[in-house]
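Coordinate analysis (summary)
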Amino acid sequence: MIVLEEAAQLATPSGPMRCTVVRPAQGLWPGLLLYSEIFQLTGPIRRLAAYYAGNGYVVAVPEIFHELEPAGTVLAYDAAGADKGNADKIGKSIGAYDDDAAACITHLKSHAACTGPIGAIGWCIGGGLALRAALHPSIQAAACFYATDIHKGTLGKGGDDTLARFNEIKGEVCLIWGRQDPHIPAEGRALLQAALNAAKVNYTWHELNGAHAFLRDEGPRYDANLARVAHPLALDLFARTLR
C-alpha cells in the first residue's frame, strides 16, 4: 500500500504542535495516535508510522515536547539525547500531554481520510502516553509497548495519576513488555497488572524475552524476531476494535 506523509500544525493550550500524518494514498481508514520515544520523530519512528499506515490507518505522530524544543527537533540516540529527552519528559506538565492527545484526536476525527474510530500506540514513554491517552473516551484501543513511567507515577510534572484512573479506560488495551527491560522491572509490571485487574480493564498482556527498545530498528537492542511477534499483536487489536 502506498502511503503519503503530511505536515500539520495543531493548536494546543501550550502552543502550536507540529504533527506528522502518514496515511494510505487512497481510501478511508481508522485513525491512530502514534507516540514516539523521548527522542521524537527519529528514523525508526518514521518507519513505524509508515508501517502502521501501510496496514491501513491514518497515523498522527505529534512532537511530544513541542513546547520545550524547537519545531522539528529530533534528539540523537546517545547519552546527551537521552538526558535531554528525560529532562523534557519531567519538565512537561501531565495536563499538557492530555491537551496534546485531545488535539490529535480532534485532528484525526476531522481528517478527510479517517473513518472516525481512533486508537493509540507508542513505545517507551510513548507506550506510557498511549496508555494515558486510553483515558480519553474517544480512544477505542491502545497498544502500549514497554510503557515507562506509569508504574512510578513519573509521566510529566503536576501529579501523574494515570494508575489511579484506569477505571476510566473504556477501550481495549494491549500491553507488550520485555522481561529484560530494567526500566519496567517485574515488580513494576506486577503493580500495573494489579491496577488493571482492579479497574476491570479489558486488556491482553504479553511478556517477551527482550531488552528495552527491542523494537527500535536502530542500535544493538533491536530484535527482528520479536518484531515479527509483537507488531501483529497490535495490528490484531486494531483490526478487531477500529474496523
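Between helix 1 (residues 43–54) and helix 6 (residues 224–242), whose axes approach to 11 Å, the crossing angle comes to 45°. Considering their axes alone, helix 1 and helix 6 lie oblique with respect to each other. Here the hand of the crossing between helix 1 and helix 6 comes out right-handed. Touching Leu 48, Tyr 51 and Tyr 52 of helix 1 are His 231, Ala 234 and Leu 235, all from helix 6. Here the residues of the contact of helix 1 with helix 6 sort into 5 nonpolar, 1 polar and no charged.

Attention now goes to the pattern of salt bridges. A full pass over the atoms with the stated rule returns 20 salt bridges. The shortest N-O distance in the salt bridge between Asp 217 and Arg 47 comes to 2.9 Å. Within this pair, whereas Asp 217 is found in the loop between strand 8 (203–208) and helix 6, its partner Arg 47 is found in helix 1, the two being separated by 170 residues in sequence. Here the salt bridges do not stand alone but share partners, grouping Asp 98, Arg 132, Asp 160, Asp 161, Arg 165 and Glu 168 into one network.

Counted residue by residue, strand 6 (residues 139–145) has 6 buried out of 7 residues, so it is predominantly covered. Here strand 5 (residues 114–123) pairs with strand 6 via 6 bridges, running parallel. Counterpart to Trp 123 in the pairing with strand 6 is Phe 145. Summarising the sheet, strand 6 and strand 7 (residues 172–178) pair through 5 bridges and their orientation is parallel.

With that out of the way, let us pick up the nonpolar core. Here is a general trend for soluble globular proteins: nonpolar side chains tend to be buried in one another's company. Residues Tyr 52, Trp 123, Phe 145 and Phe 238 are the most contacted members of the largest nonpolar core, which totals 84 residues. With 8 residues, the top contributor of residues to this core is helix 6.

What follows covers the packing of aromatic side chains. With the rule as written, the count across this model stands at 8 aromatic pairs. Aromatic pair Trp 123 and Phe 145: ring centres 5.3 Å apart, planes at 10°, arrangement stacked. With Trp 123 in strand 5 and Phe 145 in strand 6, this pair connects stretches of sequence that are 22 residues apart. Phe 145 carries the same exposure label as Trp 123, and that label is buried.

Right, let's talk about the environment of Asp 83 for a bit. Mapped onto the elements of the fold, Asp 83 is located in helix 2 (residues 79–91). On the basis of relative accessibility, which here comes to 55%, the residue Asp 83 falls in the exposed class. In this structure, the C-alpha to C-alpha distance between Asp 83 and Tyr 35, residues 48 residues apart in sequence, is 19 Å.

Attention shifts here to the packing of helix 3 (residues 94–110) against helix 4 (residues 125–133). Remark: helix 3 packs on helix 4, axes separated minimally by 10 Å, with the N-to-C direction vectors making an angle of 75°. Considering their axes alone, helix 3 and helix 4 lie roughly perpendicular with respect to each other. Residues Ile 94, Tyr 97, Asp 98 and Ala 101 of helix 3 lie in contact with helix 4, whose contacting residues are Ile 125, Leu 129, Arg 132 and Ala 133. A breakdown of the residues in the contact of helix 3 with helix 4 according to their chemical character gives 6 nonpolar, no polar and 2 charged.

Conventions we followed
Residues numbered from 1 in each chain as written. Predicted model: local features only at pLDDT ≥ 70, side-chain atom pairs only at ≥ 80, totals over all residues. Heavy atoms only, no water. Axes fitted to C-alpha atoms, helices over the stretch in contact; angles between N-to-C directions. Helix = DSSP H or I, 4+ residues; strand = E, 2+ residues; numbered from the N terminus. Parallel < 35°, antiparallel > 145°, perpendicular 65-115°, else oblique. Left-handed = near helix turned anticlockwise from the far one by under 90°. Contact = heavy atoms within 4.5 Å. Nonpolar A, V, L, I, M, F, W, Y, C, P; charged D, E, K, R; others polar. Salt bridge = Lys/Arg side-chain N within 4 Å of Asp/Glu carboxyl O. Buried < 20%, exposed > 50% of the residue type's maximum accessible area, 1.4 Å probe, protein only. Pairing = 2+ DSSP bridges. Core = buried A, V, L, I, M, F, W, Y, C linked by side-chain atoms within 4.5 Å. Phe/Tyr/Trp six-rings, centres within 6.5 Å; stacked < 30°, edge-to-face > 60°.

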